[in-house]
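The chain contents come next:
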Amino acid sequence: MSYKVLTPEEAASLIKHGHHIGLSGFTPAGTAKAVTAALAKIAEAEHEKGNPFQVSVFTGASTGDSCDGILSRAKAIRYRAPYTTNVDFRKAVNNGEIAYNDIHLSQMAQEVRYGFMGNVDIAIIEACEVTADGKIYLTAAGGIAPTICRLADKIIVELNAAHSKSAMGLHDVYEPLDPPYRREISIFKPSDRIGKPYIQVDPKKIVGVVETNWPDEARSFAAADPLTDKIGQNVADFLAADMKRGIIPSTFLPLQSGVGNIANAVLGALGRDKTIPAFEMYTEVIQNSVIGLIREGRVKFGSACSLTVTNNCLEGIYRDMDFFRDKLVLRPSEISNSPEVIRRLGVISINTAIEADIYGNVNSTHIGGTKMMNGIGGSGDFTRNAYISIFTCPSVAKDGKISAIVPMVSHHDHTEHDVNIIITEQGVADLRGKSPKERAQTIIENCVHPDYKNILWDYLKLSDGKAQTPQSIRAALGMHAELARSGDMKNVDWAQYK
Ligand code: 0RQ
């Protein structure tokens, strides 16, 4: 080893109050773990002494508990961007303790490069190999690692033996030039490679290597249930029908799918539907279901930013790398989520909504309009630029007390201009080519739970309809107000708004 070997504690002691730290990883995959866990202990010790100790965290997407969880509980994060899924982080954000900047994942690296968030003091990069001449081989994710390695004053490498060296070669590392010199990103099919399999850094910037053996902290997903299966089947039926009538070419188009139980079930259903030919993925996250479909030959190629899979599944990929080598590529998030490439390839996007409104606007991030759930992630990158953009969700939440379809979303992430299809277990609303009034009819008819259909038809009657987008401005959030008042949206009484 030509670099200084540090303990996690020694490495963490290089990080000072007020520093901006940049982390490898995208979802819990490939994220630095040991140094952030040690940093939390330093923060706690400083807080006990009455000293301030907080850092800003720049990363690719969510991380694992050893980063967002431990640092949030230690009150060691001042600012963080982008997407996160950690429960303790969420609590701290919703208590107003952390400044959270929820930006599109494709924009994270470039906004750091543009200087929007300040400098990067220290990068902490998980690697499966680092060479004496400064080649860093990443593990299970691309994230923003190339950019933060280039910008950071110092780099700490977490050399993690839990990731096999067979991950070397999985990555295609490419960082675009900044405007006004940016050129096209020359990806014309999901399997195209345009970069190098490693990040090249100046070896003098690597201040130390921390040797670990710490598996990724990816969650496992709940098994599909009748509800998620029905949503998945509705998606598969819809896509098969669109292919049959020639809207989707017979070769099919690359798919993007979000994370979570519904996304996993949707992919399961697509894999089973043999009227859909074997397809490719141009996506940000590859979950267990996709790996199974690659093994079965149903998915021909997977381009992503991360392997967000269970550790068993990841070990299987590493073991069978000879099989997977020409079927997978991992890219930095600004490439996996590049609007330019998504538009060019004609990606079909499938993401999950928290709520949608009768006109097709979607809220993916906020509960009740104010409390952060996870973040927008890459859903906006894909939705805005997709060939067909799909949102899925169960028609009701919390034992039916909440309708996922409401008159007006309580927070806007994806607008009516970008959302093509909404799918619940009830059915499919195809919004393409429709006016707002036509969209309201098809969404209520096809996607709304029977308990809420009449409530939404009655809402529409509050307006005389003489508008492009009929709304009763006083009543538009009436179902949310009723939920806050009585705990059940079904109790809404439109009479008070007449
Ligand atoms: O609550 O956790 O208390 O049970 O929200 O909902 O149905 O379990 O669905 O796990 O797939 O998450 C949108 C959050 C869905 C996720 C979201 C409650 C519900 C439950 C979770 P509990 P489910 P999922 C890829 C692309 C945004 C970013 C994105 C997400 C909890 O998919 O973060 O797509 N997406 N990125 O009960 C109140 C409602 C509710 C509600 C659901 N209307 N009101 N609570 N819930 N609807 C990711 C990356 O970019 C890396």
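As the structure is a computational prediction, the values presented were derived from the model and not from experiment.

Peer 1: Sorry, what's going on with the sheet that holds strand β24 (residues 405-406) here?
Peer 2: Sheet strands associate in pairs through backbone hydrogen bonding, adopting either a parallel or an antiparallel arrangement. Strand order across the open sheet formed by three strands is β18-β17-β24, with mixed pairing between neighbours. With one partner strand each, in any of the chains shown, β18 (362-363) and β24 form the two edges of the open sheet. With two bridges connecting them, strand β17 (residues 355-357) and β18 associate as antiparallel partners. Following the sheet pairing, glutamate 355 is matched in β18 by asparagine 363.

Peer 1: Just to check I follow, could you spell out helix α17 (residues 478-486) for this structure?
Peer 2: Three or four residues apart is the spacing at which side chains of an α-helix point the same way, because the helix has 3.6 residues per turn. For α17, the full list of buried residues reads Gly478, Met479, His480 and Leu483. If you follow the buried residues of α17, they end up packed against β23 (402-403) and β24. Where α17 ends, the next residue or the one after it, glycine 487, has phi of about 85 degrees, a positive value.

Peer 1: Quick question: what am I supposed to make of the UniProt feature "domain: Acetyl-CoA hydrolase/transferase C-terminal" (unreviewed entry) in the chain here?
Peer 2: As annotated in UniProt, the feature "domain: Acetyl-CoA hydrolase/transferase C-terminal" (unreviewed entry) corresponds to residues 317-458 in the numbering used here. Secondary structure within residues 317-458 divides into 32% helix and 24% strand; the distance between the first and last C-alpha atoms comes to 53 Å.

Peer 1: Explain the UniProt feature "domain: Acetyl-CoA hydrolase/transferase N-terminal" (unreviewed entry) in the chain to me, please; I cannot follow it from the model alone.
Peer 2: UniProt annotation of "domain: Acetyl-CoA hydrolase/transferase N-terminal" (unreviewed entry) refers to residues 4-211 when read in the numbering used here. With 25% helix and 21% strand, residues 4-211 has end C-alpha atoms that lie 11 Å from one another.

Peer 1: Before we go on, may I ask you to explain the packing of helix α2 (residues 34-48) against helix α3 (residues 65-73) in this structure?
Peer 2: How two helices sit against one another is set out by the angle between their axes and by the gap between those axes. Following both chains from N to C, one finds α2 and α3 inclined at 10 degrees, their axes separated by 8 Å at the closest point. Here α3 runs roughly parallel to α2, going by the angle between their axes. Along its contact with α2, which presents Thr36, Ala37, Leu39 and Ala40, the element α3 presents Ser66, Cys67, Ile70 and Leu71. Looking at side-chain class alone, the contact of α2 with α3 contains six nonpolar, two polar and no charged residues.

Parameters at a glance
Residues numbered from 1 in each chain as written. Predicted model: local features only at pLDDT ≥ 70, side-chain atom pairs only at ≥ 80, totals over all residues. Pairing = 2+ DSSP bridges. Helix = DSSP H or I, 4+ residues; strand = E, 2+ residues; numbered from the N terminus. Buried ≥ 20, exposed ≤ 12 C-beta atoms within 10 Å, placed from the backbone. Contact = placed C-beta atoms within 7 Å. UniProt positions renumbered as here; feature names shortened; annotations may be inferred. Axes fitted to C-alpha atoms, helices over the stretch in contact; angles between N-to-C directions. Parallel < 35°, antiparallel > 145°, perpendicular 65-115°, else oblique. Nonpolar A, V, L, I, M, F, W, Y, C, P; charged D, E, K, R; others polar.

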